[in-house]
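Here is how the chains run, residue by residue.
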Amino acid sequence: MDISSYSNDSRTVIKNAQEVVAAFRHAEIDVEHLLMVVVRHESPEVESILNQLKKPASFVESIVEIYLKDQPAKATGREKAPVSPAVQTILANAIDEKAKLYDALVEPEHILIAVFDPRSALSGYVRDKLDFTKEDIYRAIAEIKAVQQITEPSAGKGAAGGAGAAAAEAPG
């Protein structure tokens, strides 16, 4: 993983996933830990996407927390947990999402998109309870971008904040 491709916010998300794993005493950083941290990070873009989907961050966090509490504790919480292969794949896929949206660096919203890719290892429980898809996220980005172009013609930052024509095309 080329860390230089990730924004400071995304680096913080990845680092903070370690704290979530320790709190739940799990053995490795898995997809749901990463999702919880993306939602908790308070990225304005992620928050806008979730609001557009009518799934407040607190709701998403509560669903993920229910799932994580149900998983068996396998660690003391003191050692540094490794990143699971599923999370490594998501972080690599986030780079692809960044490129699709013509952004310079991977931001938390790109990680969110990669988490909801149908091929990701996100648990069925979380996926079913949250009831939105990668395509729904792209539609939300396109809607946010359209509103921003009307209200703020000079907007031009981040996937949800004016990433170029790609957001309006909703790539799959």
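Residues numbered from 1 in each chain as written. Predicted model: local features only at pLDDT ≥ 70, side-chain atom pairs only at ≥ 80, totals over all residues. Heavy atoms only, no water.

Draft legend 1. Seen up close, the nonpolar core. Within the largest apolar cluster, 47 residues are counted, with the highest numbers of intra-cluster contacts made by Leu35, Ile111, Val115, Phe116 and Ile137. Listing elements by their share of this core, those giving two or more residues are α1 (8-24), α2 (31-40), α3 (44-52), α4 (57-69), α5 (85-100), α6 (108-115), α7 (124-130) and α8 (134-151). When residues in this core are grouped by element, the largest group, seven residues, is from α2. (Core = buried A, V, L, I, M, F, W, Y, C linked by side-chain atoms within 4.5 Å. Buried < 20%, exposed > 50% of the residue type's maximum accessible area, 1.4 Å probe, protein only. Helix = DSSP H or I, 4+ residues; strand = E, 2+ residues; numbered from the N terminus.)

Draft legend 2. Just the packing of aromatic side chains, in detail. In total, this model carries two aromatic pairs according to the counting rule given. Ring centres 6.4 Å apart and planes at 20° place the aromatic pair Tyr67 and Tyr125 in the stacked group. One end of the pair, Tyr67, is in helix α4; the other, Tyr125, is in helix α7, and 58 residues separate them in sequence. (Phe/Tyr/Trp six-rings, centres within 6.5 Å; stacked < 30°, edge-to-face > 60°.)

Draft legend 3. A look at the pattern of salt bridges. In this structure the tally under the stated criterion is seven salt bridges. Residue Arg40 pairs with Glu61 through a salt bridge whose shortest N-O separation is 2.8 Å. Of this pair, Arg40 sits in helix α2 while Glu61 is found in helix α4, placing the two residues 21 residues apart along the sequence. Of the charged contacts, one joins Lys134 and Asp117 as a salt bridge, the two residues approaching to 3.0 Å between their closest N and O atoms. Within this pair, whereas Lys134 is found in helix α8, its partner Asp117 is found in the loop between α6 and α7, the two being separated by 17 residues in sequence. Given the relative accessible area of 1%, Lys134 is considered buried. The structure contains a network of salt bridges with shared partners spanning Glu97, Lys100, Asp117, Arg119 and Lys134. (Salt bridge = Lys/Arg side-chain N within 4 Å of Asp/Glu carboxyl O.)

Draft legend 4. View of the side chain of Glu32. Turning to its location among the elements, Glu32 is positioned in helix α2. The charged side chain of Glu32 is buried without a salt bridge, its nearest counter-charge being Arg127 at 7.6 Å. Excluding anything up to four places from it in sequence, Glu32 contacts Val64, Tyr67, Leu68, Ala121, Leu122, Ser123 and Val126. (Lys, Arg positive; Asp, Glu negative; His and termini not counted. Contact = heavy atoms within 4.5 Å.)

Draft legend 5. Representation of the environment of Glu79. The topology assignment puts Glu79 in the loop between α4 and α5. Residue Glu79 is classed as partly exposed on the basis of its relative accessible area of 43%. It is 8.0 Å that separates the C-alpha atoms of Glu79 and Ala22, two residues lying 57 residues apart in sequence.

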